[in-house]
Each structure stands twice: as structure tokens, then as C-alpha cells.
Amino acid sequence: MRNAVNNGVWSGAWVAERLGVELAGDDVLPEMLGLALRRNPKRAHLLVSHVLGKHVPQSPAVVHGHGLALGRRVRELLGPEEAARAVVLGYAETATGLGHCVADGVGDAPYLHSTRRPVPGVAAAGGFEESHSHATSHLLLPEDPTLLVGDGPLVLVDDEFSTGNTVLNTIRDLHERYPRDRYVVVALVDMRSAADAGRLDDFAREIGARVDLVATASGTVLLPEGVLEKGQALVARHEAEAAANGERSPVGLRGPAAPFPEPLQGAARVTSEGPAAAAPQSAEAEGRGDVPGARGTARPAPDGPRPDDDRTRQTPPPGRLTRVDLHWPRGLPDGGRHGFTPAHRDRLEAALPAMTARLAEAIPDDARSVLVLGFEELMYTPLRLARELAEAVPAEVRYSTTTRSPVLAVDDPGYAIRSRIVFPAHDEPADGPGERYAYNVAGGGFDAVVAVVDSVADTPPLHAPDGLLSRLAAHTPHVVLAVVPSYVPEPLYAAALPEKRPLMLPEPLRGPAFSSYAPEEVGWLLQDLSDVTLEAPTEEREEAIQSGGAHYAESLPVEYQPSEQYQELFHAALETSAARIAQAVGVVTETVIAERSPRPVLVSLARAGTPVGVLMRRWAQFRHGLDLPHYAVSIVRGRGIDANALRWLAAHHDPQDVVFVDGWTGKGAITRELAAAVEEFEEGGGAPGFAPEIAVLADPGSCVRTYGTREDFLIPSACLNSTVSGLISRTVLRADLVGPDDFHGAKFYRELAGVDVSADFLDAVAARFPEVAEAVGGAVKELLAGDRTPTWEGWAAVERISEEYGIHDVNLVKPGVGETTRVLLRRVPWKILARAGAGADLDHVRLLAGQRGVPVEEVGDLPYSCVGLIHPQFTRGATGADGKAVTV
């Protein structure tokens with residue numbers, strides 16, 4: 001464990017020798033604590049923890065481990081029943097992360113930490129003062145106003161107890177509002193005097209509650225008479241010496257601006273090369289001396305003393321900045337400012353590996369030492385990222401955070417704060433602008449620093465020439481920025497903001513009430529029109545559509561009931577192609593997870609996309625243990641995507657996580673339809689962020705970047721209609737049935753349950769996942785490394801065929817096996833073009849064509865396996881491309 005001793009020198013020795021301060025108590029105290037000085041009229045000395053991860057970079061496993069151990073002791077003290085009723089409260093700013101770790105150790109306890117950041121619209125549930133602090137007011141802002149109301153134990157967590165005043169103030173305030181029988185006070189070190197300990201006992205008797213105390217170590221600080229004045233004089237003398245040498249005071253007093261480095265040379269995302277790396281750092285910044293991994297202070301430079309304050313140094317060239325999008329889960333709090341529940345904990349645990357993998361990509365391969373730097377109250381999230389990162393990269397990973405607390409920096413092995421970085425506040429604090437600090441980072445020899453801030457703090461001052469990022473760039477060649485969305489609770493009473501009240505849309509339909517799929521497989525963002533007669537004979541529909549009298553989405557074709565021979569063909573095709581489909585499912589799913597989101601929200605385009613979406617969801621479960629949300633929505637050519645479905649998705653998920661899924665591409669009409677519809681949705685005031693791209697199983701038309709294969713082969717789900725798609729019809733959009741605030745409609749054909757093969761199709765493909773897993777891995781690597789830019793060759797082929805065959809309407813040319821099958825099942829086909837030598841993939845096409853008397857014409861240079869031509873200018877009795885009827 002890192003400790004406070006360097007080569008036999010305790011990191012509190014400098015203060016102890018000059019002020020006569022002594023540390024008495026448990027033997028582990030010198031290992032856990034050092035001493036520093038601060039300008040504070042109430043207390044001169046500062047106990048600097050080496051296991052907290054605030055002022056001293058430390059192994060994240062050590063920091064997390066200390067909090068977990070304390071939490072487990074609390075659980076043992078309370079017993080399982082009382083622990084299950086407990087609420088954990090941490091103190092801002094230094095103990096926000098520690099308190100969260102304690103809550104982890106307690107088990108299923110919700111967590112809240114106090115904050116110094118007021119949040120508009122969130123009412124305070126309490127507050128208290130920290131008497132010795134440089135910043136006093138603490139607010140309690142739980143999202144759930146009942147969080148503190150229960151009568152279970154309240155566990156209060158701070159990094160240290162010096163006098164116990166903060167705890168007394170907290171309990172006094174909360175006990176008046178939310179009285180309870182038991183409190184547990186937790187700290188890393190209990191440094192109270194005997195008199196202070198007695199005051200807490202007296203207070204517990206006064207309020208009639210039990211107060212227990214749990215600490216890792218205990219002792220006291222022995223202060224000689226006049227230590228406050230001596231400490232202030234020592235700080236003043238150090239300031240004067242710095243001023244005499246032409247240096248700005250390292251204590252951080254406000255004054256004229258000093259020269260700052262130039263801004264970072266641009267920001268690169270992890271997917272790009274970014275700007276060139278900075279020139280080598282100065283010898284001071286590259287020191288590899290006494291490594292903090294072995295001892296507790298920052299690494300000293302190898303060539304003598306270095307400046308205490310980074311503003312006194314010669315500025316080296318700026319480093320490289322890489323901005324990483326973590327893909328933080330929508331609606332997950334960034335910490336405990338408004339409460340963090342066990343359900344939130346589960347979501348964070350599930351998301352950490354993928355988020356950490358994104359960070360790891362930004363760390364240089366040759367990095368030997370990496371610091372993850374949190375931001376003031378944002379301590380726990382950076383800590384957990386740091387701990388995961390330590391397992392993901394070969395470098396030594398350390399963790400600390402920035403702070404509001406001004407502390408004197410002295411470059412001496414017997415002093416706990418060896419260096420500091422000074423920069424302006426960048427989160428628009430309520431108490432106005434001021435300086436902020438990062439200690440023991442300058443001179444630490446870090447090859448990369450990962451700065452983790454919340455979005456409230458991602459402001460121009462953060463990126464300014466004197467901002468934190470530029471300051472860090474003066475001491476490391478690589479700066480990585482990760483921004484976590486600042487969680488803001490929804491207003492408790494939505495009626496108070498009527499102009500922002502969301503459209504009240506129904507929850508998704510699910511099986512078995514709607515569809516034969518299991519309820520967790522897919523949620524249908526549709527309305528049930530099962531009781532409405534919508535079917536019309538195929539010929540009538542075709543005449544109405546081509547004459548302009550109706551849109552194809554205003555009615556439904558009569559569901560084709562396959563013959564016994566055709567059903568046998570389906571099962572034979574499924575047996576033959578299941579492994580091929582399984583591999584394509586794996587490839588497209590892995591591509592989506594790698595490029596789009598580590599936890600995508602799958603949104604199938606009903607209905608051909610729905611079986612594919614279910615299979616992608618199953619692959620994610622099989623390969624990664626992910627339980628991905630999956631929905632089906634309606635998109636209609638010429639009418640766009642269901643805007644109300646998009647509104648529902650935006651209200652429940654991050655639009656950036658949404659991945660639209662379809663079965664296959666033909667000429668790319670739906671791809672273009674989706675792009676136009678998303679653009680129209682945003683222009684109309686809809687939520688931004690939906691990517692207008694489709695992920696498909698097969699992309700024979702070369703219309704998309706995300707696909708499982710570009711081969712045109714038989715996908716058995718294309719052979720049938722509802723009986724392979726959960727017994728759901730194609731979608732319906734008709735003004736008399738679908739209002740402006742309704743989802744598009746569809747029917748559930750319950751009466752066809754006897755011939756339903758939806759589950760058979762899914763199970764047959766999913767059963768082949770294990771045997772194709774290795775092949776998927778190789779295919780994905782090859783795919784991601786190749787050029788997947790759409791060529792739209794399918795669209796060009798369709799235009800050529802339309803003209804060659806005198807059709808003059810690309811909508812009547814349906815390329816690919818899937819689209820050709822649809823023509824034979826739902827439209828009035830004119831002829832089928834088949835690529836010479838297409839083979840068994842077209843057996844079902846030939847069977848259907850024969851049943852309907854449609855000629856199959858072999859073509860040598862067809863880019864697809866086949867193309868279906870809808871009868872042009874159709875009228876009943878038409879015979880030929882001119883559409884003229886003959887009298888029989």
C-alpha cells in the first residue's frame with residue numbers, strides 16, 4: 001500500500017519539525033496520513049490522506065478497498081436486516097467517493113452525498129455547516145424526497161474526524177427533520193480528542209439515539225500552544241520567499257494573472273489520429289524518481305528541487321488532447337448528489353467494462369504511468385473507471401481528484417503536498433469564480449492523465465489557455481478528457497412546467513397479448529388494430545396503389561397461407577442457412593457494439609427487421625451477457641418513420657444509443673426514407689441524436705455501413721409473412737385509424753398460431769451461435785479494417801433495369817431475394833429476373849413463381865441473386881408492360 005513514508009522520512013515530518021505537531025495513536029497512522037499547511041484562520045495544519053484519492057495519487061484498488069472494508073464492517077455491526085434498511089450519507093467534497101464505496105460495502109443501501117452545488121428546481125432536504133472548512137455550506141438534494149424519511153440507520157461518512165463538529169451539526173439538523181433511532185459514523189481516521197469523543201456520546205444521549213463509530217485507524221494530533229499563529233507565519237514566510245524569487249505565491253492567493261501556456265493543439269476523438277504528440281517534457285515533468293506507487297508523495301525530479309507551483313515553471317510544449325465519449329447510460333446519475341440506488345449501482349457495474357474499454361483505446365501503448373483525475377465532488381465515477389482501467393492497460397494507474405482547498409506546496413520528501421497545479425474554477429460555482437487545485441500531479445511523471453469531469457464543468461474555462469486541460473498538458477504528453485453527463489432530476493411536479501410536459505404515449509405492446517414473441521424479446525411501439533378489417537385482395541390493392549387512389553400502408557394484403565410443399569421448403573432452407581445467418585447476426589451485432597454503442601438500444605423496422613433485432617439481442621446475451629432493450633417501430637415509404645415512436649424512445653433512452661435494424665437492403669429506399677425522416681423529426685423540434693443509419697443482416701445493395709454480409713442469399717424469414725414475424729402484420733398508417741398522437745397500427749393474427757414458426761426460426765439460428773463465434777470474431781476484425789463506404793450499386797442496377805424493361809418506376813423494381821419474395825407474396829408480380837447459377841437460394845422463388853404463373857428469366861450480369869418486377873401500370877386483366885386491359 002502507498003504510505004506516508006519516503007526513504008524513512010514521514011511525509012508529515014516537515015510540518016512536525018517546524019511547528020512541533022505530533023501524530024499519536026495507532027501504528028498505521030503514519031502509513032495513512034501526512035501533514036501540510038493551509039491558509040485557514042481556523043486551522044493551520046491539514047491531515048493529508050494517502051488512501052483517499054484526493055490530494056495524493058493512489059492505486060484505485062487501494063482507495064476503493066478501504067471504503068469497501070469500512071462498509072462491510074458497518075454491515076457486520078448492523079446485521080443483515082438493519083443494513084438492508086440503512087441509508088448512507090457522504091460529505092462533500094472529500095468524502096463523496098469514500099461514502100459511495102462504503103455504500104457498496106454495506107450492500108443494497110442507497111447513497112446520497114452533500115453538495116456545495118445548488119441545482120435549480122431541486123428542493124433541499126437539509127443542510128449543515130462545516131465549521132473548520134474553507135467552504136462551509138452543505139446542501140442535501142435527494143431526488144427522492146422520502147430518501148431520508150425512513151427510520152432505518154443513517155450511516156454518515158467522512159474522511160476524518162478531527163473535532164466531530166461536522167457530524168454533530170449534521171445529526172442535529174437531520175434528527176429534527178427525520179428522527180431515527182440509530183446512526184453510524186464512519187471515517188478513515190478518528191483523530192478526535194477525548195473531550196471531543198465525549199461530546200458525541202453526550203449528544204447521542206441527548207437525542208435518545210444510538211450512535212456507533214467505525215474507523216480504520218484512530219489517534220490524535222498533538223498541537224503545541226500557538227500553533228495556528230506559527231503556521232500562519234510559516235506560510236507567510238514561504239510566500240515572501242517565493243515573491244523575492246520572482247515567483248507567484250504557491251499558496252494560491254488571488255492576484256494578477258501569470259503567464260499561461262498556449263491552448264492545447266486541438267482535440268482528437270479516439271477514432272482519429274489527432275494532432276501530433278507534444279515534444280518531450282522537461283526533465284522536471286519527466287522525473288522518474290521516488291515513485292508514489294511505492295511511497296506516498298509525488299515523484300521528485302531527478303535533478304534537484306523543482307518549483308512548488310506549476311505557474312513558476314518554464315512552460316513546455318502543449319500535449320495532445322483526446323476526447324473520449326464514454327457512452328454514459330442515459331438516466332444514470334453521475335454520482336450521489338441526488339441519490340444513487342442499488343438499481344443505479346447495477347447499471348453502472350454493467351456499463352463500466354465498455355466505458356473503460358473506450359478510455360483504454362485513448363491511452364498510448366507505451367504509457368507506463370497513467371493518472372485518472374476526478375473533479376471535486378465527482379470522485380466515485382472516476383475512481384471506478386480508474387480501477388477498471390488498471391485491469392485493462394499494462395500501465396500503472398493512479399487516481400486522485402481536483403479540489404477547492406488551497407494548500408501550501410513544498411517540494412520536500414517530508415511534506416505531503418509536493419507540487420500543485422492551479423487553474424480557474426470551470427463549473428460556474430455558486431460562490432463565484434476562484435482558483436482550483438490539483439496536487440502532486442506536476443512532476444509525477446505521468447505518461448497520460450485522464451481528466452473526468454461532469455458536463456456542467458465542460459465549459460470554456462476548462463479549455464482556456466489557463467484552464468485545467470492546458471495546465472495538465474504542461475506536465476504530461478497525453479491528456480484524455482471524458483465528460484460524464486450531469487444528472488438533473490426531473491421536476492417533482494410536472495404540472496409546474498406545462499410547456500415541457502411530455503406527450504403521454506402508451507407503453508410498448510408485448511407478447512403474448514400482442515405477438516407470439518416472449519415479452520422480453522421485443523416491445524412493439526404500435527397500436528393494436530387486430531379488430532379492424534384491413535385486408536383486401538392483392539389485385540385490388542395493386543390497382544388502387546398504382547392508380548394513386550391509395551397508399552400501400554392504408555390496407556393489408558390477405559395473409560398468404562403456405563402450402564405443405566412450401567412449408568417443407570422453408571424448413572429445408574432454414575436448416576441449410578441457419579449457420580450462415582447466425583454468423584451474419586454475430587457480425588452485425590459486434591459491429592454495432594464496437595462502433596455505435598456498448599449498450600445499444602435496438603429498434604427494428606417492423607416487421608422484417610423484428611426477427612433480426614431479436615436475434616441480435618440474443619447474440620448480445622450469448623456473447624456479452626448483455627440484456628439489450630429492443631423495440632419495433634413503423635416506417636412507411638413516402639410517409640417516414642413513426643414520429644411518436646421516436647418521441648417515446650427519446651423519453652426513455654439516449655437517442656445516440658438507438659440503432660435502427662432491418663432485415664436486408666434492396667435498392668436502399670428505406671435507408672433514404674429513414675435519413676429524411678430523422679432530419680424532418682429534428683427540424684420539427686424532436687429530440688436530436690438519432691443516427692439516420694440502418695444496421696442490416698444483409699446489404700446486397702451496398703446501401704449501409706453496418707451489416708452482417710453483403711451477399712444476396714436466402715434469409716428464411718423472408719419466405720413467410722406474419723407466421724415468421726411473431727404473427728404481426730405489416731404496419732398500417734391511415735388517417736381514420738391513426739391520429740396525430742397515436743403510434744402507427746398493426747394486427748396480431750392470433751388465429752394463425754397453429755402454423756406459427758417464429759420461435760422455430762429464432763431458435764434454429766441461435767442454436768448455431770457457439771459454432772460460428774470464432775468465425776464471427778475474424779470476420780468483424782476484417783470488416784472493421786476494410787472500406788465499407790456504401791457504393792449504392794444496387795440503386796444504379798435498379799434504375800438500369802427499370803429503363804431496360806420499360807417500367808420507368810424504380811418502386812416497381814424489387815431487388816434481392818427478400819424483396820423478390822415479398823413481391824410474390826404480397827404484390828402482383830410481372831416477371832422474376834434470376835442471376836444465372838443462383839442455385840438453391842432461389843428454390844422457394846421458383847416455387848412461388850410457378851404457383852402464380854410468373855415467368856423466371858435468367859440474367860447473366862445481375863448484381864443480385866434475383867429481382868422481382870411488379871406488374872407496371874396494373875389493372876385487372878392487364879397483359880404486358882403497357883398495362884392495357886383485354887376483354888376476355
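Residues numbered from 1 in each chain as written. Predicted model: local features only at pLDDT ≥ 70, side-chain atom pairs only at ≥ 80, totals over all residues. Heavy atoms only, no water.

J.: Looking at this structure, I do not really get the overall build of the protein. What am I missing?
T.: The helix and strand tally for the protein stands at 22 helices and 35 strands. Of the contacts made within the protein by residues no fewer than 6 positions apart, 77% connect residues no fewer than 24 positions apart. On the protein, roughly 33,800 Å² of surface is accessible, and the fraction owed to carbon and sulfur atoms is 51%. (Helix = DSSP H or I, 4+ residues; strand = E, 2+ residues; numbered from the N terminus. Contact = heavy atoms within 4.5 Å. Areas by Shrake-Rupley, 256 points an atom, 1.4 Å probe, with all protein chains shown as cover.)

J.: Just to check I follow, could you spell out helix α20 (residues 793–804) for this structure?
T.: An α-helical turn contains 3.6 residues, so a residue and the one three or four places further along point in the same direction. When the terminal C-alpha atoms of α20 are compared, their 16 Å separation across 12 residues agrees well with the 16 Å that a helix rising 1.5 Å per residue should span. Where the residues of α20 are buried, they touch α17 (669–683), β32 (813–815), β33 (829–835) and β35 (866–870). Phi turns positive one or two residues past the end of α20, at Gly806, with a value near 65°. (Expected span 1.5 Å × (residues − 1).)

J.: Would you mind showing me how to read the pattern of salt bridges here?
T.: Close approach of charged atoms allows side chains of opposite charge to pair. Under the counting rule described, the total for this entry stands at 32 salt bridges. The partner of Arg337 in a salt bridge is Glu377, with the nearest N and O atoms 2.9 Å apart. With Arg337 in the loop between β14 (320–324) and α9 (342–362) and Glu377 in the loop between β15 (369–374) and α10 (380–392), this pair connects stretches of sequence that are 40 residues apart. Per residue, the accessibility class of Arg337 equals that of Glu377, and both read buried. Taken together, the shared-partner salt bridges in this structure form one network comprising Glu521, Arg617, Arg618, Asp627 and Asp763. (Salt bridge = Lys/Arg side-chain N within 4 Å of Asp/Glu carboxyl O. Buried < 20%, exposed > 50% of the residue type's maximum accessible area, 1.4 Å probe, protein only.)

J.: Sorry, what's going on with the packing of aromatic side chains here?
T.: Each aromatic ring pair is summarised here by two numbers: the centre-to-centre distance and the angle between the ring planes. One pass over the structure, following the stated rule, counts 11 aromatic pairs. Ring geometry for Phe514 versus Trp524: centroids 6.0 Å apart, planes at 75°, classification edge-to-face. Note that Phe514 is positioned in the loop between β20 (478–484) and β21 (523–524) and Trp524 in strand β21, a separation of 10 residues in sequence. In this structure, Phe514 and Trp524 share a single accessibility class: buried. Summarising the aromatic geometry, the rings of Trp619 and Phe769 are spaced 4.9 Å apart at their centres and angled 80° between planes, so their arrangement reads as edge-to-face. Of this pair, Trp619 sits in helix α15 (residues 609–624) while Phe769 sits in helix α19 (residues 769–785); the two residues are 150 residues apart in sequence, bridging distant segments of the chain. Under the relative-accessibility criterion, Phe769 is labelled buried at 2%. What links up through ring pairs into an aromatic cluster is the set Phe514, Tyr517, Trp524 and Phe748. Cation over ring: Arg672 sits above Trp792, and NZ or CZ is 4.5 Å from the ring centre. (Phe/Tyr/Trp six-rings, centres within 6.5 Å; stacked < 30°, edge-to-face > 60°. Lys NZ or Arg CZ within 6 Å of the ring centre and 35° of its normal.)

J.: Please explain the pairing of strand β34 (residues 856–859) as it appears in this structure.
T.: Consecutive residues of a regular strand have side chains that alternate between opposite faces of the sheet. In this structure, β33 lies alongside β34, joined through four bridges in parallel fashion. Within β34, the position partnered with Ile832 by the bridge is Val856. For the handedness criterion, the β-α-β arrangement of β33, helix α22 (residues 843–852) and β34 is classed as right-handed. (Pairing = 2+ DSSP bridges. Right-handed = clockwise from strand over helix to strand, strands pointing away.)

J.: Help me understand the sheet that holds β32 in this model?
T.: Pairing between the strands of a sheet is mediated by backbone hydrogen bonds and can be parallel or antiparallel. Spatially, β32-β35-β33-β34 is the arrangement adopted by the four strands of the open sheet, whose pairing is mixed. Two strands close off the open sheet at either side, each with one partner strand: β32 and β34. Put simply, the sheet's adjacent strands are angled 20° from each other on average, direction ignored. Against the sheet, α20 engages β32, β33 and β35, with an angle of about 140° to β32. (Axes fitted to C-alpha atoms, helices over the stretch in contact; angles between N-to-C directions.)

J.: What is the right way to read the side chain of Arg345 from this model?
T.: Among the secondary structure elements, Arg345 is positioned in helix α9. Beyond its immediate sequence surroundings of up to four residues, Arg345 is in contact with Ala103, Asp104, Gly107, Asp108, Ala109 and Phe340.

J.: Can you help me understand a negative patch on the surface in this one?
T.: A contiguous patch of negative charge, built from Glu679, Glu680, Glu682 and Glu683, is present on the exposed surface. Residue placement: Glu680 occurs in helix α17. (Patch = residues over 30% accessible without salt bridge, like charges linked within 9 Å, V, L, I, M, F, W, Y side chains within 5 Å. Lys, Arg positive; Asp, Glu negative; His and termini not counted. Charge placed at Lys NZ, Arg CZ, Asp CG, Glu CD.)

J.: Where do I start with the environment of Asp144 in this structure?
T.: Position of Asp144 relative to the elements: it lies in the loop between β9 (137–140) and β10 (154–161). When the C-alpha positions of Asp144 and Ala125 are compared, they lie 9.7 Å apart, and in sequence the two are 19 residues distant. Of the polar contacts made by the side chain of Asp144, one reaches the side chain of Thr146; its length is 2.7 Å. (Polar contact = N/O pair within 3.5 Å; in protein donor to acceptor, adjacent residues only side chain to side chain.)

J.: Please clarify how the sheet that holds strand β11 (residues 182–190) should be interpreted in this entry.
T.: Across the sheet, six strands lie side by side as β3-β12-β11-β10-β6-β7; this open sheet has mixed pairing. With partners counted over all chains shown, the strands left at the sheet margins are β3 (22–25) and β7 (111–113), one partner each. The sheet shows a mean angle of 25° between the axes of neighbouring strands, direction not considered. Contacts from helix α5 (residues 96–106) reach β6 (87–90), β7, β10 and β11, with the element oriented near 135° to β10.

J.: Would you mind going over unusual backbone geometry with me for this structure?
T.: Leaving glycine aside, a negative phi is the common case for residues, and trans is the common case for peptide bonds. Following Gly511, the chain continues to Pro512 via a peptide bond in cis, the omega torsion being 5°. By the secondary structure assignment, Pro512 is in the loop between β20 and β21. In this chain, Ala606 is followed by Arg607 through a cis amide linkage whose omega measures 0°. Note that Arg607 resides in the loop between β25 (601–606) and α15.

J.: Teacher, can you tell me more about the packing of helix α3 (residues 60–78) against α10 here?
T.: Describing two packed helices takes the angle between their axes plus the distance from one axis to the other. One way to put it is that α3 packs onto α10 with a least axis distance of 8 Å and a crossing angle of 125°. On the basis of their axis angle, the class for α3 and α10 is oblique. Both α3 and α10 take part in a crossing whose hand is left-handed. Between α3 and α10, the residues in contact are Pro60, Ala61, Val63, His64 and Leu68 and Tyr380, Leu383, Arg384, Ala386, Arg387 and Ala390, respectively. Here the residues of the contact of α3 with α10 are counted per class, giving eight nonpolar, one polar and two charged. (Parallel < 35°, antiparallel > 145°, perpendicular 65-115°, else oblique. Left-handed = near helix turned anticlockwise from the far one by under 90°. Nonpolar A, V, L, I, M, F, W, Y, C, P; charged D, E, K, R; others polar.)

J.: Help me out: how do you make sense of the pairing of strand β16 (residues 396–401) in this one?
T.: Counting buried positions along β16 yields five of six residues, so the element is predominantly enclosed. Note: β15 against β16, six bridges, orientation parallel. Directly across from Gly374, in β16, lies its bridge partner Thr401. In this fold, β15 hands off to α10, which returns the chain to β16; that crossover is right-handed.

J.: Any chance you could explain the side chain of Ser515 here in plain terms?
T.: For Ser515, the position within the fold is in the loop between β20 and β21. A polar atom in the side chain of Ser515 sits 3.3 Å from the backbone nitrogen of Tyr517. Polar side-chain contacts of Ser515 include one of 3.2 Å to the side chain of Trp524. Once you skip the residues sitting within four places of it in the chain, Ser515 turns out to touch Trp524, Gly726, Ile728 and Phe748.

J.: How do you make sense of α19 when you look at a structure like this?
T.: Helix length check: α19 (17 residues) gives 23 Å between terminal C-alpha atoms against 24 Å at 1.5 Å per residue, within 8%. Where α19 bends most, the angle comes to about 35°, and this point is Ala775. Turning to α19, its buried residues are Phe769, Val772, Ala773, Val776, Val780 and Leu783. The inward-facing, buried residues of α19 abut α14 (564–595), α15, β30 (706–709) and α18 (758–766). (Bend = angle between axes of the 7 residues up to and from the residue.)

J.: Quick question: what am I supposed to make of the environment of Leu378 here?
T.: Looking at the secondary structure, you find Leu378 in the loop between β15 and α10. On the accessibility criterion, Leu378 (5% relative accessible area) is buried. For the pair formed by Leu378 and Ser486, sequence separation is 108 residues and the distance between their alpha carbons is 9.8 Å. Apart from residues lying up to four places away in sequence, Leu378 is in contact with Asp334, Thr401, Val452, Val453 and Asp454.

J.: It is not clear to me how the environment of Arg637 should be interpreted in this structure. Could you clarify?
T.: Considering the arrangement of structural elements, one finds Arg637 in the loop between β26 (630–636) and β27 (640–641). The class of Arg637 is partly exposed, set by a relative accessible area of 24%. Counting along the chain gives 174 residues from Arg637 to Asn811, while the straight-line C-alpha distance between them is 9.9 Å.

J.: Whenever I open this one, the confidence of the model for the protein confuses me. Can you help?
T.: It should be kept in mind that the predicted coordinates are not to be read in detail where pLDDT is low. When pLDDT is averaged across the protein, the result is 81; 83% of the residues are at 70 or more. Residue range residues 131–136 is modelled with pLDDT below 50. Its contacts to residues more than four positions away, or to other chains, number 20 contacts. Throughout residues 875–888 the model reports pLDDT below 50, and contacts reaching past four residues in sequence, or to other chains, amount to 27 contacts. (pLDDT = per-residue confidence, 0-100.)

J.: Is there a simple way to explain the packing of α14 against α18 in this structure?
T.: Contact geometry for α14 and α18: axes closest at 8 Å, N-to-C directions at 45°. As the angle between them shows, α14 and α18 are arranged oblique. Considering only the axes of α14 and α18, their crossing is right-handed. Residue-level contacts link Phe570, His571, Leu574, Ala578, Ile581 and Ala582 of α14 to Asp760, Phe761, Ala764 and Val765 of α18. Class assignment for the residues of the contact of α14 with α18 results in eight nonpolar, one polar and one charged.

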